[in-house]
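Summary of structural features
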Amino acid sequence: MRYDAREIADLPAPVRRYFDLALTDGQPIIRAADIAMTGRFNMSLDAPQWEPFASQQYVVTHRSGFVWNARIMLFAGFPIRVHDAYVAGTGILTPSILGLFSMASVSDTGELAKGELMRWFAECVWYPTSLLPGQGIAWQPVDATSALATMTDGPIRLTMLFRFGDVGLIAGIHVDARGAVIGGKTVMMPWEGRFSDYRRQDGMLIPFYGQVAWITPQGEKPYFHGTVSQLTYRFADQGPGCHVTPSPPHRPPRFAVGRGLRFSHHGLRSERSCPRLD
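To start, this report covers the structure provided alongside it. Not measured: the values here are computed from a predicted model.

1. Some words on the packing of aromatic side chains
As enumerated under the stated definition, the model contains 11 aromatic pairs in all. Their ring planes at 20 degrees and their centres at 5.8 Å tell us that W214 and Y223 sit as a pair that is stacked. You can call Y223 buried: its relative accessible area is 14%. Linked through ring pairs, Y18, F19 and F164 together constitute an aromatic cluster. Above the ring of W68, the side-chain terminus of R119 is found at 4.6 Å from the ring centroid.

2. Points about the nonpolar core
F19, F121, W139, F162 and W191 are the most contacted members of the largest nonpolar core, which has 68 residues in total. Look past the residues within four positions of F19 in its chain and what remains in contact with it is Y3, I8, L11, P128, L131, L132 and W139.

3. So, unusual backbone geometry
That bond from H62 to R63 is cis: its omega, 0 degrees, falls within 30 degrees of zero. Counting through the fold element by element, R63 comes out in the loop between β2 (50-61) and β3 (64-73). In this model, A88 sits at a positive phi of 50 degrees, which is unusual for a non-glycine residue. On the basis of relative accessibility, which here comes to 15%, the residue A88 falls in the buried class. Of note in the backbone geometry, D197 takes a positive phi value of approximately 55 degrees without being a glycine. With respect to the element layout, D197 can be found in strand β12 (residues 185-201).

4. Structural notes on the pairing of strand β10 (residues 156-164)
By the bridge criterion, eight bridges tie strand β9 (residues 146-153) to β10 in an arrangement that is antiparallel. Paired with L148 across the two strands is L161, which belongs to β10. Taken together, the four bridges between β10 and strand β11 (residues 170-182) define a ladder with antiparallel strand orientation. Note on β11: the bridge partner recorded for R163 is G172. Taking the residues between adjacent antiparallel strands as the criterion, β10 and β11 are bridged by five residues, where G168 takes a positive phi near 115 degrees.

5. Some thoughts on the pattern of salt bridges
If you walk through the whole model with that rule in mind, you get nine salt bridges. The shortest N-O distance in the salt bridge between D153 and R63 comes to 3.0 Å. On the criterion of sequence distance, the pair formed by D153 in strand β9 and R63 in the loop between β2 and β3 is long-range, its members being 90 residues apart. On the accessibility criterion, D153 (7% relative accessible area) is buried. D197 serves as the salt-bridge partner of R199, at 2.8 Å between the closest nitrogen and oxygen. On the accessibility criterion, D197 (37% relative accessible area) is partly exposed.

6. Focus on the environment of L112
Position of L112 among the secondary structure elements: in helix α2 (residues 111-122). Taking the relative accessible area as the measure of exposure, L112 reaches 15% and is therefore buried.

7. So, α2
Here α2 is 12 residues long and its end C-alpha atoms lie 16 Å apart, about the 16 Å a rise of 1.5 Å per residue gives. Of all 12 residues in α2, 10 are buried; the element is thus mostly enclosed. Taken as a whole, α2 has its buried residues at L112, A113, G115, E116, L117, M118, R119, W120, F121 and A122.

Cut-off values and rules
Residues numbered from 1 in each chain as written. Predicted model: local features only at pLDDT ≥ 70, side-chain atom pairs only at ≥ 80, totals over all residues. Heavy atoms only, no water. Phe/Tyr/Trp six-rings, centres within 6.5 Å; stacked < 30°, edge-to-face > 60°. Buried < 20%, exposed > 50% of the residue type's maximum accessible area, 1.4 Å probe, protein only. Lys NZ or Arg CZ within 6 Å of the ring centre and 35° of its normal. Core = buried A, V, L, I, M, F, W, Y, C linked by side-chain atoms within 4.5 Å. Contact = heavy atoms within 4.5 Å. Helix = DSSP H or I, 4+ residues; strand = E, 2+ residues; numbered from the N terminus. Pairing = 2+ DSSP bridges. Salt bridge = Lys/Arg side-chain N within 4 Å of Asp/Glu carboxyl O. Expected span 1.5 Å × (residues − 1).

Right, dumping it as structure tokens:
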């Protein structure tokens, strides 16, 4: 399956311009991605508390899903390991100290799932063929430099504002309300992401830097600055991508990458093993 430039003919002008820049006619459709990043993570909304992190993320695009494994270094060299995921309509967030002792595990199909799917949607800049109308995205015009994109996964329907920079590439995203877990409670706040340092990768223009912030009543609160260190794709013309489905509830939580890419995390796993992305 490949991108056909004719499918963007009726899209809003800034969206057409973006695809004209980011993709070339005949570009293979991305089915899976392996994204390694390094950067800084702010551990507090109240005051700057930036700590270094390194992460590995596995993404599938049909159906939408990801697993993000990160290691955040705290004071005295103590790491927190974070598993963040959206698999088969379920959102999952599990931090643990030293990778051994769980601090708090949250898993649901409500606001957390919606928030995790928002993350997947915003990060489509790293797997841009997923933003094409042929992949289920509906675009609506806003003005000369922005447009609304709408997607559906199961019962969840999302609309996100995409902003385009002077050159025409995606510069940022915005949603009016995303759930932040604060003190064990979900608080709805505006959420934004910004992207830059575009480079050519596998025939596409991809941002290699991203930052994310909550927009609180006290102002913008950035909490993530990340740089892509490695990015590998699996395309539709290389064979079927991974399809994630629930596994029986009695299965123990685990995540593994063996001979292929597997999602197996808090009762969720892939339907089958997929060939490695490297």
